[in-house]
Amino acid sequence: DTEVTQTPKHLVMGMTNKKSLKCEQHMGHRAMYWYKQKAKKPPELMFVYSYEKLSINESVPSRFSPECPNSSLLNLHLHALQPEDSALYLCASSSRTLGNTQYFGPGTRLTVL
Amino acid sequence: GIQVEQSPPDLILQEGANSTLRCNFSDSVNNLQWFHQNPWGQLINLFYIPSGTKQNGRLSATTVATERYSLLYISSSQTTDSGVYFCAVGKSNYQLIWGAGTKLIIKP
């Protein structure tokens with residue numbers, strides 16, 4: 001199984017809402033990532049978890065809160081977002097034994113009203 | 001930090017044509033990956049290629065690490081090859097620096 005799954009596919013939320021994005025992989029990868037991608041731009045790294053510990057936080061605002069409950073799951077909790085946070089949110093995973101080749105999920109298209 | 005430049009920014013070809021996409025980077029790296037993002041947003045890893053040459057079907061890639069560039073070759077293009085091709089490089093295990101991408105349109 002070489003698949004990373006993400007739910008939901010689409011999400012519309014108001015600025016006062018709290019929502020969560022979910023990501024799951026069953027490839028045994030021990031690194032998982034959250035990226036944000038705006039239209040016509042490359043993905044921007046937000047967070048990296050390595051062995052379920054937060055390894056990299058690219059100075060992301062606290063309204064984004066990552067969580068890694070176990071080695072297969074990665075969540076991104078959203079609270080009090082701004083309209084400029086509307087984007088495609090991508091999850092990825094990788095394994096050192098594969099040169100940290102990153103495998104991406106299909107993404108969640110988030111719209112903040 | 002490392003700079004990554006991809007060329008050309010846009011490419012329009014007829015089905016069946018061949019193409020070469022280039023990625024230049026400004027410093028030595030130990031990680032280089034090529035990705036294809038289809039029009040629906042799905043990113044697919046094409047190659048992990050910090051050096052050397054690899055082939056996968058109609059696609060091949062070559063990285064000349066000493067000269068700090070990588071090339072992605074697409075032969076006999078199909079409409080499903082359309083999308084954006086990204087090159088991403090890195091020195092660390094996890095952090096990749098992404099190029100701006102090459103947008104490829106294959107016309108039937």
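Please read all numbers here as calculations on a predicted model, not as lab measurements.

Asker: I keep staring at the state of the cysteines and nothing clicks. Help me out?
Answerer: Disulfides are covalent bonds that link the sulfur atoms of two cysteine residues. Summed over the entire model, instances satisfying the criterion amount to two disulfides over all chains. One disulfide in the model links Cys23(A) with Cys91(A); its S-S distance is 1.8 Å. Disulfide Cys23(A)-Cys91(A): the torsion about the S-S bond is -70°, which places it as left-handed. Note that Cys23(A) is positioned in strand β3 (residues 18-25) and Cys91(A) in strand β9 (residues 87-94), a separation of 68 residues in sequence. Given the relative accessible area of 1%, Cys23(A) is considered buried. Disulfide partner of Cys23(B): Cys87(B), at an S-S distance of 2.0 Å. Here the S-S torsion is close to -60°, and the disulfide linking Cys23(B) with Cys87(B) is therefore left-handed. Of the two residues, Cys23(B) is situated in strand β3 (residues 19-25) and Cys87(B) in strand β9 (residues 83-90); the sequence distance between them amounts to 64 residues.

Asker: Just to check I follow, could you spell out the nonpolar core for this structure?
Answerer: Counting residues in each nonpolar core, the largest one holds 23 residues, and the members touching the most others are Trp34(A), Phe64(A), Leu76(A) and Leu78(A). Membership of the second largest hydrophobic core comes to 22 residues, among which are Leu59(B), Leu72(B), Tyr85(B) and Leu104(B).

Asker: Can you help me understand the side chain of Ser77(B) in this one?
Answerer: Residue and element names in this part refer to chain B. Within the secondary structure, serine 77 is located in the loop between β8 (69-74) and β9. Residue class for serine 77 comes out buried when judged on its relative accessible area of 1%. Only 2.7 Å separates the side chain of serine 77 from the backbone oxygen of alanine 17, close enough to count as a polar contact. Those residues in contact with serine 77 that lie beyond four places of it in its chain are Leu13, Gln14, Glu15, Gly16, Ala17, Ser19, Arg58 and Ile106.

Asker: So what exactly am I meant to see when it comes to the interface of chain B and chain A here?
Answerer: Across the contact, 18 residues belong to chain B and 25 residues belong to chain A. Between chain B and chain A, roughly 1700 Å² of surface is buried when both sides are summed, and carbon and sulfur atoms account for 51% of that area. Applying the counting criterion to the chain B and chain A interface returns eight residue pairs in polar contact (both at pLDDT 80 or more). Those elements giving two or more residues to the side of chain B that touches chain A turn out to be β4 (31-37) and β5 (43-48) of chain B. The dominant element in the side of chain B that touches chain A, judged by the number of residues it contributes, is β4(B), at four residues. Its residues placed into classes, the side of chain B that touches chain A shows nine nonpolar, nine polar and no charged.

Asker: What exactly am I supposed to notice about the sheet that holds strand β1 (residues 4-7) of chain A here?
Answerer: Each strand in a sheet pairs with another by means of backbone hydrogen bonds, the pair being arranged parallel or else antiparallel. All names here are of chain A. Here four strands make up an open sheet; going across it, the order is β1-β3-β8-β7 and the pairing antiparallel. The outermost strands of the open sheet, each flanked by one partner alone, are β1 and β7 (64-70). Strand-to-strand twist of the sheet, defined as the mean angle between neighbouring strand axes without regard to direction, takes the value 20°. Direction of pairing for β1 relative to β3: antiparallel, over a ladder of four bridges. For valine 4, the partnering residue across the bridge sits in β3 and is glutamine 25.

Asker: Would you explain unusual backbone geometry in this entry?
Answerer: Residues other than glycine predominantly adopt negative phi, and peptide bonds predominantly adopt the trans conformation. Here the bond from Thr7(A) into Pro8(A) is cis, since omega is -10°, no more than 30 degrees from zero. When you line up the elements, Pro8(A) lands in the loop between β1 and β2 (10-13). Here Ser7(B) and Pro8(B) are connected by a cis peptide whose omega angle stands at -10°. Locating Pro8(B) in the fold gives a position in the loop between β1 (4-7) and β2 (10-14). The backbone of Glu52(A) sits at a positive phi, close to 65°, despite the residue not being glycine. With respect to the secondary-structure elements, Glu52(A) resides in the loop between β5 (44-50) and β6 (53-57). Look at Ser59(A): it is not a glycine, yet its phi comes out positive at around 55°. Inspection of the secondary structure assignment puts Ser59(A) in the loop between β6 and β7.

Conventions and cut-offs
Residue indices follow the written sequence of each chain, beginning from 1 at its first position. Starting at A for chains and at 1 for ligands, labels are handed out in the order in which the entities are written. Reporting of local features is limited, given that this is a predicted model, to residues whose pLDDT is at least 70; pairs of side-chain atoms are given and counted only at 80 or more, and all residues count toward the totals for whole chains, interfaces and linings. Side-chain figures throughout are based on the complete set of non-hydrogen atoms in the structure, without hydrogens or water. For this text, the term disulfide refers to a pair of cysteine sulfurs within 2.5 Å. Strands are runs of DSSP state E lasting at least two residues, helices are runs of H or I lasting at least four, and both sets are numbered from the N terminus onward. Note on exposure labels: buried denotes an accessible area under 20% of the residue type's maximum, exposed denotes more than 50%, and partly exposed covers the range between, all computed with a 1.4 Å probe on protein chains only. By nonpolar core is meant a set of buried Ala, Val, Leu, Ile, Met, Phe, Trp, Tyr and Cys residues that side-chain atoms within 4.5 Å join together. Residues adjacent in sequence count toward polar contacts only when both atoms are side-chain atoms; beyond that, a polar contact is any pair of N or O atoms within 3.5 Å, and within protein one must be able to donate a hydrogen and the other to accept it. Contacts are residue-level and defined by heavy atoms, with any inter-residue pair within 4.5 Å sufficient. Joining two parts hides part of their accessible area as seen by a 1.4 Å probe, and the buried area is that hidden amount summed over both. Nonpolar residues are Ala, Val, Leu, Ile, Met, Phe, Trp, Tyr, Cys and Pro. Charged residues are Asp, Glu, Lys and Arg, and all others, Gly as well, are polar. Pairing between strands requires that DSSP locate at least two bridges from one strand to the other. Every axis in this analysis is a line fitted to C-alpha atoms, fitted for helices over the stretch in contact. Angles between the N-to-C directions lie between 0 and 180 degrees.

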